Amino acid sequence: MKVLLHEMSWAEAKEYFTKNTIAILPVGSNEQHGPQNPLGTDHLIAKAIAEETAKRAGVLCLQVIPFGVSSHHKQFWGTIYISPKTFKNYVKETCLALNYYGVRKIVIVNGHGGNLYALMEMARELREKGIFTSVFQWWEAANKLFPDLFKPEERRHAAAEETSLNLALHSHFVDIDRAVDEEPRKHRAQAEGITLPLNTVDYTSSGVFGKSTSASAEKGRVVFEAVVKELVEYVKLLKKTKIEDLMQKPRV
Ligand SMILES: [Zn+2]
């Protein structure tokens, strides 16, 4: 059975939509990930996790939305950034098109943390319209599943964990000889309880936060397999759950 929307004909899509109300949508970003990783890191990883999950769970998967909320990385060349508002509306209209064919449950596989606020704002709006959207972030699942596989300094942006995933999934895009370790700088206006509107370039010169040289394809494969397994279980659970149990409660 085909599960990737772009590979189906409309007749095959009709067959799926008339029997199913669930779909997976990967989203990511095209932004700097240090000198060693491809700009597409976040959307390539999201796509790989989403498509593998879709195949194992027998659930429809859409094409990945590659551009996201990344203006904080813009000083590094090749970062293509979209405003939160435009990103939210684009993803929302994609979800509404799915809903036109009867989809009520959408699992967004988000590869870029910077997209989360926009996605959650959208998910709340969609729930008002009777569509239940959940957001999966692989690194959060990995942190829970393998608290000791990577050190905290290996778990940050473009560091060893993310680089390992790239090595496991598409090593030909990674130039591991260019990997660096860089301790992020502390900004002069930084203080306890303060959040600043800074850019990546304020913190690092390489774009890597922490340690990336310890990346390994082996660890990347362990993480990939585990997060896909976790997501497959979730998708199966969601598939079984009645839509009424996912909708907003009435006034008390
Ligand atoms: Zn990333």
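Look a little higher up for the structure.
Here goes a summary of the coordinates provided. Please read all numbers here as calculations on a predicted model, not as lab measurements.

Ranked by internal contacts, the top residues of the largest apolar core, which has 59 residues, are Ile 24, Leu 25, Ile 49, Val 91 and Trp 138. With eight residues, helix α8 (residues 217-240) is the single largest residue contributor to this core. The residues touching Leu 25, leaving out its near neighbours within four places in the chain, are Leu 62, Gln 63, Ile 65, Val 91, Thr 94, Cys 95, Ile 106, Val 107, Ile 108 and Val 109.

Helix length check: α8 (24 residues) gives 35 Å between terminal C-alpha atoms against 34 Å at 1.5 Å per residue, within 8%. Considered for burial, the residues of α8 that qualify are Gly 220, Val 223, Phe 224, Ala 226, Val 227, Val 228, Leu 231, Val 232, Val 235 and Leu 238. Check the buried side of α8 and you find it contacts β1 (22-27), α2 (41-57), β3 (105-110), β4 (132-136), α5 (138-145) and α6 (160-170).

What follows covers the coordination of the zinc ion. Coordination sphere of the zinc ion, protein contribution only: His 33 (NE2), Asp 42 (OD) and Glu 162 (OE), at 1.8 to 2.0 Å. Written as a sequence motif, the donor residues of the zinc ion are H-x8-D-x119-E. Taking relative accessible area as the criterion, His 33 reaches 1% and is therefore assigned buried.

Our next topic: helix α3 (residues 84-100). The end-to-end C-alpha distance of α3, which contains 17 residues, comes to 24 Å, matching closely the 24 Å that a straight helix rising 1.5 Å per residue would cover. Here α3 has its buried residues at Phe 87, Lys 88, Val 91, Lys 92, Thr 94, Cys 95 and Leu 98. End-on, the buried residues of α3 take up no more than an arc of 155°, which puts them together on one face. Exposed side chains of α3 directed beyond 90 degrees from the buried face belong to Lys 85, Tyr 90, Glu 93 and Tyr 100. Buried residues along α3 sit against α1 (10-19), β1, β2 (60-61), β3 and α4 (116-128).

Pairing is parallel across the open sheet formed by four strands, whose spatial order is β2-β1-β3-β4. The sheet is open, and its two borders are formed by β2 and β4, each paired with just one other strand. In this structure, β3 lies alongside β4, joined through five bridges in parallel fashion. Within the sheet, the bridge partner assigned to Ile 108 lies in β4 and is Val 135. Relative to the sheet, α4 contacts β1, β3 and β4, its axis offset from that of β4 by approximately 160°.

Mapped onto the fold, Asp 177 is located in the loop between α6 and β5 (181-182). With 36 residues separating them in the primary sequence, Asp 177 and Thr 213 have C-alpha atoms 8.5 Å apart.

Enumeration over the complete set of coordinates arrives at five aromatic pairs. Consider the rings of Tyr 16 and Phe 17, whose centres lie 5.8 Å apart with planes at 80°: the pair is edge-to-face. Each member of the pair, Tyr 16 as well as Phe 17, is classed as buried. Each ring, one from Phe 17 and one from Tyr 101, has its centre 5.3 Å from the other, and the planes form 25°; the classification is stacked. A residue pair is termed long-range when its members are at least 10 positions apart, and Phe 17 in helix α1 and Tyr 101 in the loop between α3 and β3 qualify at 84 residues.

It is the contact of α5 with α6, at a shortest axis distance of 12 Å, that shows an interaxial angle of 105°. Judged on the interaxial angle alone, α6 and α5 are roughly perpendicular. Listed contacts from α6 to Trp 138, Trp 139, Ala 142 and Asn 143 of α5 are Glu 161, Glu 162 and Leu 165. Of the residues in the contact of α5 with α6, the class split is four nonpolar, one polar and two charged.

Counted under the stated rule, the structure contains 10 salt bridges. Lys 88 is paired through a salt bridge with Glu 121; the nearest N and O atoms lie 3.0 Å apart. Linking Lys 88 in helix α3 with Glu 121 in helix α4, this pair joins segments that are 33 residues apart in sequence. When its relative accessible area of 46% is taken as the criterion, Glu 121 is described as partly exposed.

The rules behind the values
Residues numbered from 1 in each chain as written. Predicted model: local features only at pLDDT ≥ 70, side-chain atom pairs only at ≥ 80, totals over all residues. Heavy atoms only, no water. Core = buried A, V, L, I, M, F, W, Y, C linked by side-chain atoms within 4.5 Å. Buried < 20%, exposed > 50% of the residue type's maximum accessible area, 1.4 Å probe, protein only. Helix = DSSP H or I, 4+ residues; strand = E, 2+ residues; numbered from the N terminus. Contact = heavy atoms within 4.5 Å. Expected span 1.5 Å × (residues − 1). Donors = N, O, S within 2.8 Å, 3.2 Å for Na, K, Ca; no water. Arc of directions from axis to C-beta. Pairing = 2+ DSSP bridges. Axes fitted to C-alpha atoms, helices over the stretch in contact; angles between N-to-C directions. Phe/Tyr/Trp six-rings, centres within 6.5 Å; stacked < 30°, edge-to-face > 60°. Parallel < 35°, antiparallel > 145°, perpendicular 65-115°, else oblique. Nonpolar A, V, L, I, M, F, W, Y, C, P; charged D, E, K, R; others polar. Salt bridge = Lys/Arg side-chain N within 4 Å of Asp/Glu carboxyl O.

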